[in-house]
Structures are given as C-alpha cells and as structure tokens.
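# Notes for the structure review
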Amino acid sequence: MKNKHWLKAVPAIAAIAAIAAVQPALAQDAAAPAAEAAPAADAAAIAFTFNTFSFLVTGFLVMWMAAGFAMLEAGLVRSKNVSMQCLKNIGLYSVAGLMFWVIGYNLMYMNVDGGYFGVPIPKAIPDPASETSGDYAAASDWFFQMVFCATAASIVSGTLAERIKLWPFMIFTVILTGIIYPITGSWQWGGGWLSEMGFSDFAGSTLVHSVGGWCALTGAVILGARRGKFGPNGAVHPFPGSSIPLATLGTFILWLGWFGFNGGSQLALDGFENASAISRIFVNTNLAAASGVVVAMILTQVVYKKVDVTMALNGALAGLVSITAEPLAPSVPTALFVGAVGGLIVVLVVPLLDKLKIDDVVGAIPVHLVAGIWGTIIVPLSNADTNYVTQAIGIASIGVFCVVVSTVIWLALKFTVGLRVSEEEEALGLDAVEIGVEAYPEFGVGSQRV
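## Comments concerning the overall build of the chain
- Of the regular secondary structure elements, the chain holds 15 helices and zero strands.
- Counting across all 450 residues of the chain, residues that qualify as buried make up 51%.
- Partitioning the contacts of the chain with sequence separation of at least 6, the portion at a separation of at least 24 is 78%.
- Counting every atom, the chain has about 19900 Å² of accessible surface; 70% of that belongs to carbon and sulfur.

Laid out in structure tokens, this is it:
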C-alpha cells in the first residue's frame, strides 16, 4: 500500500520539479535591471548602518564611563561623603544631557564656519522615516557627542569633593556643559578658528579632559582645601579613601569606556580602512594605559619604597588621557612612550599640588589637565600634519578661556549662594548634612540609630 501511494505522487513531484527549474531563470530575468541599480543604494545603506551602529555602541561605552567616575570617586573619598559623590555623578550626567540638547550641541556645531561658536538652540531630532541619506543617523551623532560633554563635568566633581555644596556645584555644571564645553569644542570639532589653523585633538585630551581639568583647578583654588588636609611647615595629612576595591572597579570601567571614547572618535566604521583604524586605536589606547600603570608602579616603589595603588590607578587614567589626542597615528612604541610619560606626570604632579596646598581629592588635575596638555602637545611626534606651535596655541587659548570664565562663575557663586559647607558640616560629612543618606549606615553614625 505504501509503495502504491508513492507511485501516485510521482506525476505531482515531476510537475513541481519542472516549475522549480523554470522559476530561477524567470526570477533572474526580472531582477536583472534592478540588480544593476541596487549596489550603490545598498552600499550607502550599509555604510549608514555601520556608522550609526558605531556611534551608538561607542557612545554607550562612553556613557558607562559615568559609572566609572562614580565608583572611582566613591572609593577615593571618605565614607561620610560617598553618597554625595554618587548623587553628584548621576546628577551631572543628567544635567549634561539636558543642556547639550537645549543649547550645547548646536552651540558647538551649527554654523560655526571658522568662528568662535554656533547657534544656541535645541537640537532637532529627525523623524526616522525622513533619514534616507547621509553618513549616519543624526540622533546617534547627538548621543555620541553628548556623553563626551558629561565626561568633562565628571572631572570637576572628584577634585572638589568633600567640601563643596551640592547646588552650587550643579549650577556650575549647567554652565560648563551648556556653554563652556560647547564653545571650546566648537573651536576645533565644530570647524571653528582652531580647526582652520590646523590644531589637532583626535578625541579630546584638551577639548574634554583639559577643559574639565582647568575648571577643576580654578574651583579647587577658590574653594580651598579640606579642613586639616594641610598643616604648618608644609605638613600634608593623607585622608584615606573609603574603598580601594571601588576605586579599582571605577578605573577598569573607565578603561573599558575609553575604547568607545577613542575608537568612536574615528567617526566611521564602514570599509576596510575605518575598521582597521578603530582596531589600531584600541591597541594604542590599551597599551598607553598599561604603560602608565607600570611606570607609576616602578616610580612609587623607587621614590616611596612602596607601590601606591592609587598612583597606579591614576597612572592608567593618565596614560589614557595622554593618548587620547592622537590614538591612531602612533606606532606601538610611540603609544607606550606617550602613556609612560602620563604615568610619570601623576607621580610628579600629585606631590607638587600638595606643596602648593591645592587639594585635589581624586588626582584629577594631574590626570586630566596636565596629562591632557602633554598628550596634545606631543601630537606632532606621530602626526606630520600638525606642528608644535599650533598645538601650543590651542592649549593656551582653551586654558585661558576656561580659567577666566570658570573663575568668574566660581567667584560669583562664592559671593552669592556660597560654595563651601560649614566647618561643622564638613566634619559630619556631606552625606548626613546635605542629602541625609549615608552610604554605609551600619558602619557609621546610622548604626547607632538602628
């Protein structure tokens, strides 16, 4: 019975086979004209997709650096101020996003045309159905640029920790992310006057890190040191942080996020060259950080007879900041050299700040400001299209602008709403007096109430 049923099916099978044999030929004939027009459109769509994907993925890696800054700062401040640093970091990230949409993006990029700033209006996010051409989605570009803006504000947070009031800091963040950072960014990345001159800063050693570092330095000088940090006759009293594991975690998160920071700044992922360039950027970024760590470890062993873990952590960050101005052009030995000097900077500048009685809680000034200057000035070593004079002009002009504007803002805040908490409040800790939430209540005052 089974064999007979199979035989009855033979004619139907043969018919299906005949139709299948004819169909490919018919399909090929019909598709021939369309196939000739398709490659160009397909290539544009593929490039659009890959570039947009690159902006989004590297963008959320840079966003993840906000967590790195939060953990680094939480680990390096004392237990009584940990909640405040967490609050400041999520607050500044949110403010940066709002301000960069309201005025920052277009102030930085819209119609700069060789000038000093763009147009301070909100960024228009187009309907996805309307984006049928271009190199990447407009919204992906806004997101990628916004997370860089937030990074600049994070630098200020750590330096001024443990004694600045919350709301004056947030007011400064509004101005930094909405005005200071976009204006200086427009000079180079927006096609402004520094770009026309030939200044080069690939991913922001100066445009992001030194901008934040200058604002942090002026704030630290005007705000003053924490109570008891400096004593008579040049005495320096260390204030150990609450958690080295948290600080280490924060450093690794920042290291990871830096691949998005530098790699995404290639601004494209389509094609052989762009994909290869991003890969090379990853290698140079990683090795510069590693070099910074090793140099900081060796130098602290030689100078202090013990390896300082906080110096090693900041050595990694200084190596990363140093290579950020030019992570593509250097050979591996050059990248190692650039990162190594970053580690050296940390070990030399941290005690120098102590001698000057400038209290930088997390070491952001040597890491972001001084290493940022180093990374930017050394760009011509590997990039023949740049020169040291133009690089120095860019560093100096951005430094002067940031110092003057931030000084005016800090002083205005100091003489209106006030910058510092009282001596008694500082002793109690900002967690208790400013926000009322202790990070570790079972180990602190809170344990006596529950």
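## A short note on helix 11 (residues 332-355)
- Spanning 24 residues, helix 11 covers 35 Å between terminal C-alpha atoms, matching the ideal 34 Å at 1.5 Å per step.
- Immediately downstream of helix 11, the backbone of K357 shows phi near 60 degrees, a positive value.

## A look at the packing of helix 4 (residues 138-159) against helix 7 (residues 205-223)
- Running from amino to carboxyl end, helix 4 crosses helix 7 at an angle of 30 degrees, the nearest separation of the two axes being 8 Å. Taken together, helix 4 and helix 7 sit at an angle that is classed as roughly parallel. Considering the relative orientation of helix 4 and helix 7, their crossing is right-handed. Side by side, helix 4 and helix 7 meet where F148, T151, A152, I155, V156 and T159 of the first sit next to V208, H209, G212, G213, C215, A216 and A220 of the second.
- For the contact of helix 4 with helix 7, a count of residues per class yields eight nonpolar, five polar and no charged.

## Looking at the environment of G198
- Within the fold, G198 resides in the loop between helix 6 (193-197) and helix 7.
- A sequence separation of 196 residues divides G198 from G394, and the C-alpha atoms of the two residues are 9.4 Å apart.

## Notes on unusual backbone geometry
- A positive phi angle is found at N111, which is not glycine, with a value near 55 degrees.
- Here N111 is to be found in the loop between helix 3 (82-109) and helix 4.
- Using a relative accessible area of 52% as the deciding quantity, one classes N111 as exposed.
- With a phi angle near 80 degrees, E162 is a residue other than glycine that sits in the positive phi range.
- For E162, the position within the fold is in the loop between helix 4 and helix 5 (166-188).

## With respect to the packing of aromatic side chains
- Under the definition given, this model contains 16 aromatic pairs.
- Plain terms: the ring middles of F55 and Y136 are 4.8 Å apart, the flat faces sit at 85 degrees to each other, and that makes the pair edge-to-face. Placement of the pair is F55 in helix 2 (residues 10-76) and Y136 in the loop between helix 3 and helix 4, with a sequence separation of 81 residues.
- Exposure remark for Y136: the relative accessible area of 31% places this residue in the partly exposed category.
- Here F148 and W189 contribute two aromatic rings whose centre-to-centre distance is 6.1 Å and whose plane-to-plane angle is 80 degrees, an arrangement assigned as edge-to-face. Highlighted residues: F148 in helix 4 and W189 in the loop between helix 5 and helix 6, separated in sequence by 41 residues.
- Taking the ring centre of F169 as reference, the NZ or CZ of K88 above it sits at 4.7 Å.

## Description of helix 10 (residues 309-324)
- Over its 16 residues, helix 10 runs 23 Å from end to end, which matches the ideal 22 Å to within 8%, given 1.5 Å per residue.
- Extensive coverage of helix 10 is indicated by the burial of 14 of its 16 residues.

## Looking at the side chain of T218
- In this structure, T218 sits in helix 7.
- Among the residues examined, T218 registers a relative accessible area of 8% and is labelled buried.
- Other than its neighbours up to four places away in sequence, T218 contacts V403, S406, T407 and W410.

## Focus: the packing of helix 8 (residues 244-263) against helix 9 (residues 271-304)
- Look at helix 8 against helix 9: their axes get within 9 Å of each other, and the N-to-C directions meet at 135 degrees. Classified by the interaxial angle, the pair formed by helix 8 and helix 9 is oblique. Note on packing geometry: the crossing formed by helix 8 with helix 9 is right-handed. Together, W255, W258, F259, N262 and G263 of helix 8 and I278, I281, F282, T285, N286, A289, A290 and V293 of helix 9 make up the contact between the two elements.
- Each residue belonging to the contact of helix 8 with helix 9 can be placed in one class, and the counts come to nine nonpolar, four polar and no charged.

What counts and how
Residues numbered from 1 in each chain as written. Predicted model: local features only at pLDDT ≥ 70, side-chain atom pairs only at ≥ 80, totals over all residues. Heavy atoms only, no water. Helix = DSSP H or I, 4+ residues; strand = E, 2+ residues; numbered from the N terminus. Buried < 20%, exposed > 50% of the residue type's maximum accessible area, 1.4 Å probe, protein only. Contact = heavy atoms within 4.5 Å. Areas by Shrake-Rupley, 256 points an atom, 1.4 Å probe, with all protein chains shown as cover. Expected span 1.5 Å × (residues − 1). Axes fitted to C-alpha atoms, helices over the stretch in contact; angles between N-to-C directions. Parallel < 35°, antiparallel > 145°, perpendicular 65-115°, else oblique. Left-handed = near helix turned anticlockwise from the far one by under 90°. Nonpolar A, V, L, I, M, F, W, Y, C, P; charged D, E, K, R; others polar. Phe/Tyr/Trp six-rings, centres within 6.5 Å; stacked < 30°, edge-to-face > 60°. Lys NZ or Arg CZ within 6 Å of the ring centre and 35° of its normal.

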